[in-house]
Amino acid sequence: MNRRSFLFAIVLAFLLSAPLLAVERFPPPDFETNYSFPTTTVPPPRVDQYDYIDAAVLLVALAVATLLIYRKRCRKGVFLLMLLSLAYFGFWRNGCICPIGSIGNIVMSIFDPAYTVPIVVILFFALPLLAALLFGRVFCAAVCPLGALQDLVIFRPLEVPRSVEHLLRLFAWLYLGLAVLFAATGAGLLICRYDPFIGFFRLGDHSSTLILGASFLIIGLFIARPYCRFVCPYGLILRQLGRLSRRFVTITPAECVNCRLCEEVCPFNAIDKPTAPWPQDQFVSDKRRLALLISLLPILVATLAFAGTRLDGILSRSHYTVQLAERVALEQSGVVPDITPNEILAFKKTGRTTDALYADAAAIRRQFRLGGGILGAFIGLVIGLKLITLGVRWRRDEYQAHRAACLACARCFEYCPVRKK
Amino acid sequence: MPQPQPNLTRRGLFGNGLWAAVVAGITGLSAYLFGRTKQAKTVWQIDPDKCVACGNCATYCVLELSAVKCVQVYAMCGYCDLCTGYLDPDPKKLDTGAENELCPTGAIERVFVEDPYFEYNIKEELCIACGKCVKGCEAFGNGSLFLQVRHDRCLRCNECSIAAACPSQAFRRVPADDPYLLKGAKESKPAGESKGIA
Ligand code: SF4
Ligand code: SF4
Ligand code: SF4
Ligand code: SF4
């Protein structure tokens, strides 16, 4: 045994008997030479100043998009702006922060008193919403990088029946609700975690995100903008605001002459055809059905709310503290895994008692019970209102862009033969 | 879905009122959050007191080469000859050859200062944030080696992928103008800005 290994053994033996928490076991030496301690470098966040530039670019892009759609009615311009936005917000700025993900930050800052949301994130959240209240979904048309990427791959769009669309969109409602619930309880930012395109924007990421993104793009060849239409929670909010919008996209610059030239051109199935005249004999049965649906609404809401409260076990398991509590409980009950999981190690390092942990976990579970109930009621309301509005007949005499579904992409404009007088 | 009539006047008072209420709601919420905002910008950082050097930092970052790196706080370091962050505790031969180094990429540089002291530097371009040295230093040394998000590399993801995978919830958002949680310098900082992944 030579000197070094002997020393090593001594040191090890000594240290293993010492408490494991880091203490200064070896006091920093007093150097005899005039050695000075180097300082640890602390490079500042990169491209820090970009934040406000981003918000300014967003505002300008929204304004230009509005101009191109309403004033110029020019698809080429919209397309170009869309490419620019994709390059800037997507590939240049790597996709963060985006309005879709900002929903999580906003909700989190409402519920977590310790988290305050950065100003830029507030701007990213609010500006496209306000734009939608004025001019419809101009954000989706030419600013959103996620939408732009999907728009580029539209190859042979198939028509999805309206009823299927309604059904699929329920998934987006559920996703929005879950994202809000997770953000409110502190379980994480769901929308960011499952952002399908962020891997492309960063030009590399974990394979799972890339696969998710690639599948959306492949589906997107035939079902135009699938993420936008059936998943995007922000798009869902924009849809509702689009209904209230001050101005809205019109296919024709003047009067619709019912030439039907635009009938098939919308890849998003957002053009409403004129309705057939109202069959008088159905009036009574329609009315009865409507009354039935309206009376069904509270039952639906109550049932789903109850079901939601039952999901607290599954849902709350997404929260770190609940997971940890379960692991610790498992360890305490004697099922000892071969390797101590890092979670348990970390928990022991904090020096907290298991009781405090269990209490925290139980509190979070209660939050999920309440939240799950609200989520269930909300989904019930959505389904109920959908059924009711589907039962109502609306009268239309001309071809119109659906206010909620229209992404304001301007494709149909050039198909309308009517010119402005 | 309701198809509102093209004629503006027919939208009636209800539509206008709803519109105004929604606009007021969004601006009101923004103004409220704006008023509460303490820091203009935040970045992700690792609390070294919570981190257990599990190795996730090496693999979960969205960057090919993790934005997390090991840092050395020299004032805490013991400058030990037998650095337990540098040397494999079970060396094959008793020298500082690469096979005896703990670091898989040889990212730690050992510089002789004076007998018997050595300075240990991290070559950041080589460090992959595996945390092996951190574990070694913390277990038997002073814990002067620890992991930090290096902000010249970090992309500032809205939800840090490592944070979501961190078993110790060591990640948290910190103000961008004070973006490091260096050991030995934290006493002055208010504890617990925000929940880890949340
Ligand atoms: S629906 Fe969502 S993803 Fe699609 S363009 Fe709009 S905001 Fe972007
Ligand atoms: S994931 Fe967390 S515990 Fe693991 S090394 Fe990184 S900061 Fe430390
Ligand atoms: S052992 Fe791991 S964490 Fe430490 S310097 Fe080497 S690569 Fe970095
Ligand atoms: S924020 Fe993104 S880039 Fe930075 S350390 Fe986390 S995962 Fe890596």
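These numbers come from a predicted model, not from an experiment.

What counts, and at which threshold
Residues numbered from 1 in each chain as written. Chains lettered and ligands numbered in written order. Predicted model: local features only at pLDDT ≥ 70, side-chain atom pairs only at ≥ 80, totals over all residues. Heavy atoms only, no water. Domains from an automatic or database assignment. Contact = heavy atoms within 4.5 Å. Buried area = accessible area lost by both parts, 1.4 Å probe. Salt bridge = Lys/Arg side-chain N within 4 Å of Asp/Glu carboxyl O. Nonpolar A, V, L, I, M, F, W, Y, C, P; charged D, E, K, R; others polar. Helix = DSSP H or I, 4+ residues; strand = E, 2+ residues; numbered from the N terminus. Near = heavy atom within 4 Å. Buried < 20%, exposed > 50% of the residue type's maximum accessible area, 1.4 Å probe, protein only. Axes fitted to C-alpha atoms, helices over the stretch in contact; angles between N-to-C directions. Parallel < 35°, antiparallel > 145°, perpendicular 65-115°, else oblique. Left-handed = near helix turned anticlockwise from the far one by under 90°. Patch = residues over 30% accessible without salt bridge, like charges linked within 9 Å, V, L, I, M, F, W, Y side chains within 5 Å. Areas by Shrake-Rupley, 256 points an atom, 1.4 Å probe, with all protein chains shown as cover. Polar contact = N/O pair within 3.5 Å; in protein donor to acceptor, adjacent residues only side chain to side chain. pLDDT = per-residue confidence, 0-100. Arc of directions from axis to C-beta. 1 Å grid on protein atoms, 1.4 Å probe; cavity = no way out; pocket = protein on both sides within 12 Å on 5 of 7 lines; lining within 4 Å. Points joined across faces, edges and corners; volume = space filled by probe spheres on them. Phe/Tyr/Trp six-rings, centres within 6.5 Å; stacked < 30°, edge-to-face > 60°. Lys NZ or Arg CZ within 6 Å of the ring centre and 35° of its normal.

(A) Main features of the domain arrangement of chain A. Residue and element names in this part refer to chain A. Domain annotation of chain A identifies domain 1 (3-20 + 50-275 + 401-420) and domain 2 (280-388). Facing the 12 residues of domain 1 at the interface are 13 residues of domain 2. Across the domain 1/domain 2 interface, buried area totals approximately 1,100 Å², and carbon plus sulfur atoms make up 78% of it. Sorting the residues of domain 1 by area buried against domain 2 places W173, L181 and T185 first, and these three jointly supply 43% of that buried surface. For the interface between domain 1 and domain 2, the tally reads 0 salt bridges. Within the side of domain 1 that touches domain 2, the residues separate by chemical class into 7 nonpolar, 4 polar and 1 charged.

(B) Molecular detail of the side chain of R137 of chain A. On the secondary structure map, R137 of chain A appears in the loop between α5 (119-135) and α6 (138-142). Those residues within four positions of R137 of chain A in sequence are excluded, and the remaining contacts are G235, L238, R239, A404, A405, C406, L407 and A408 of chain A.

(C) Geometry of the site of ligand 3. Around ligand 3, the surrounding shell consists of C70, C103, P104, T105, I108, C127, I128, A129, C130, G131, K132 and C133 of chain B. Residue classes in the shell around ligand 3 are distributed as 9 nonpolar, 2 polar and 1 charged.

(D) Just the environment of N342 of chain A, in detail. Take N342 of chain A: it is sitting in helix α17 (residues 342-350). As for N342 of chain A and I219 of chain A, which are separated by 123 residues in sequence, their C-alpha atoms are 39 Å apart. Not counting residues up to four positions away in its chain, the partners in contact with N342 of chain A are V52, C54 and P167 of chain B.

(E) Highlighting the site of ligand 1. Around ligand 1, the structure places I100, R137, F139, C140, C144, L146, G147, R225, Y227, C228, C232 and G235 of chain A. Put simply, the parts of the chain that give the shell around ligand 1 at least two residues each are α6, α7 (145-152) and α12 (226-230) of chain A.

(F) Up close: the pattern of salt bridges. Residues and elements named next belong to chain A. Inspection of the entire model under this criterion finds 22 salt bridges over all chains. D54 serves as the salt-bridge partner of R93, at 2.9 Å between the closest nitrogen and oxygen. In this pair, R93 sits in the loop between α3 (75-92) and α4 (99-111) while D54 sits in helix α2 (residues 50-72), placing the two residues 39 residues apart along the sequence. Given the relative accessible area of 4%, D54 is considered buried. Via salt bridges that share partners, R75, D151, R225 and R411 belong to a single interconnected network.

(G) Geometry of the packing of α4 of chain A against helix α8 (residues 162-185) of chain A. Residue and element names in this part refer to chain A. Taken N-terminus to C-terminus, the directions of α4 and α8 make an angle of 45°; their axes are 8 Å apart at the nearest point. In this view, α4 runs oblique relative to α8, as classed from their interaxial angle. Regarding α4 and α8, the two cross each other, and that crossing is right-handed. Taken together, the residues of α8 that come into contact with α4 (itself represented by I103, G104, V107, M108 and F111) are L176, V180, A183 and A184.

(H) Up close: a nonpolar patch on the surface. Residue and element names in this part refer to chain A. On the surface, F79, L80, L83 and L152 cluster together into a nonpolar patch covering about 320 Å² of accessible area. Looking at which element gives the most residues to the nonpolar patch, the answer is α3, with 3 residues. Within the element layout of this structure, L80 appears in helix α3.

(I) Geometry of the interface of chain A and chain B. Listed by partner, the interface residues are 94 residues for chain A and 90 residues for chain B. In this assembly, chain A and chain B are joined by 2 salt bridges. Between the two partners, chain A and chain B, sit 20 residue pairs in polar contact (both at pLDDT 80 or more). Among the elements that take part in the side of chain A that touches chain B, α5 of chain A stands out by supplying 8 residues, more than any other. Partitioning the side of chain A that touches chain B into residue classes produces 51 nonpolar, 22 polar and 21 charged.

(J) A look at the confidence of the model for chain A. Chain-level statistics for chain A give a pLDDT mean of 88 and a share of 92% at 70 or above. Within the model, the stretch residues 14-22 of chain A combines pLDDT values under 50 with 10 contacts to residues more than four positions away or in other chains.

(K) Representation of the environment of F378 of chain A within the structure. Locating F378 of chain A in the fold gives a position in helix α18 (residues 354-391). Through-space distance from the C-alpha of F378 of chain A to that of K420 of chain A is 44 Å; in sequence the pair is 42 residues apart.

(L) Just α17 of chain A, in detail. All names here are of chain A. Along α17, the positions that sit buried rather than exposed are E343, I344, A346 and F347. Down the axis of α17, the sector holding all buried residues measures 160°, keeping them to one side. Elements that come into contact with the buried residues of α17 comprise α16 (320-332) and α18. Backbone geometry just after α17 places G351 at a positive phi near 75°.

(M) Focus on the layout of surface pockets. Roughly 700 Å³ of internal volume is contained in the second largest pocket. Lining the second largest pocket are 35 residues, and of these R193 of chain A together with E159, S161, A164 and A165 of chain B sit closest to its centre. Top contributing element to the lining of the second largest pocket by residue count: helix α4 (residues 161-165) of chain B, with 4 residues. In terms of residue class, the lining of the second largest pocket is built from 18 nonpolar, 10 polar and 7 charged. When residues are assigned to domains, the lining of the second largest pocket turns out to be shared by domain 1 (3-20 + 50-275 + 401-420) and domain 2 (280-388) of chain A, each giving three or more.

(N) Layout of the packing of aromatic side chains. Inspection of the entire model under this criterion finds 23 aromatic pairs over all chains. Plain terms: the ring middles of F91 of chain A and F201 of chain A are 5.4 Å apart, the flat faces sit at 90° to each other, and that makes the pair edge-to-face. Taken together, the positions of F91 of chain A in helix α3 and F201 of chain A in helix α10 (residues 198-201) put the pair 110 residues apart, joining distant regions of the chain. When its relative accessible area of 1% is taken as the criterion, F201 of chain A is described as buried. Ring geometry for F197 of chain A and F216 of chain A: centres 6.3 Å apart, planes at 65°, overall edge-to-face. Residue F197 of chain A is located in the loop between α9 (190-193) and α10, and its partner F216 of chain A is located in helix α11 (residues 207-220); the two are separated by 19 residues in the primary sequence. Neither residue differs from the other here; F197 of chain A and F216 of chain A are each classed as buried. Following the ring pairs from residue to residue traces out a cluster consisting of F31, Y35 and F37 of chain A together with Y79 and Y117 of chain B. Its end group placed over the ring of F413 of chain A, R73 of chain A keeps NZ or CZ at 4.1 Å from the ring centre. Above the face of the F118 of chain B ring, R110 of chain B is positioned so that its terminal group lies 3.7 Å from the ring centre.

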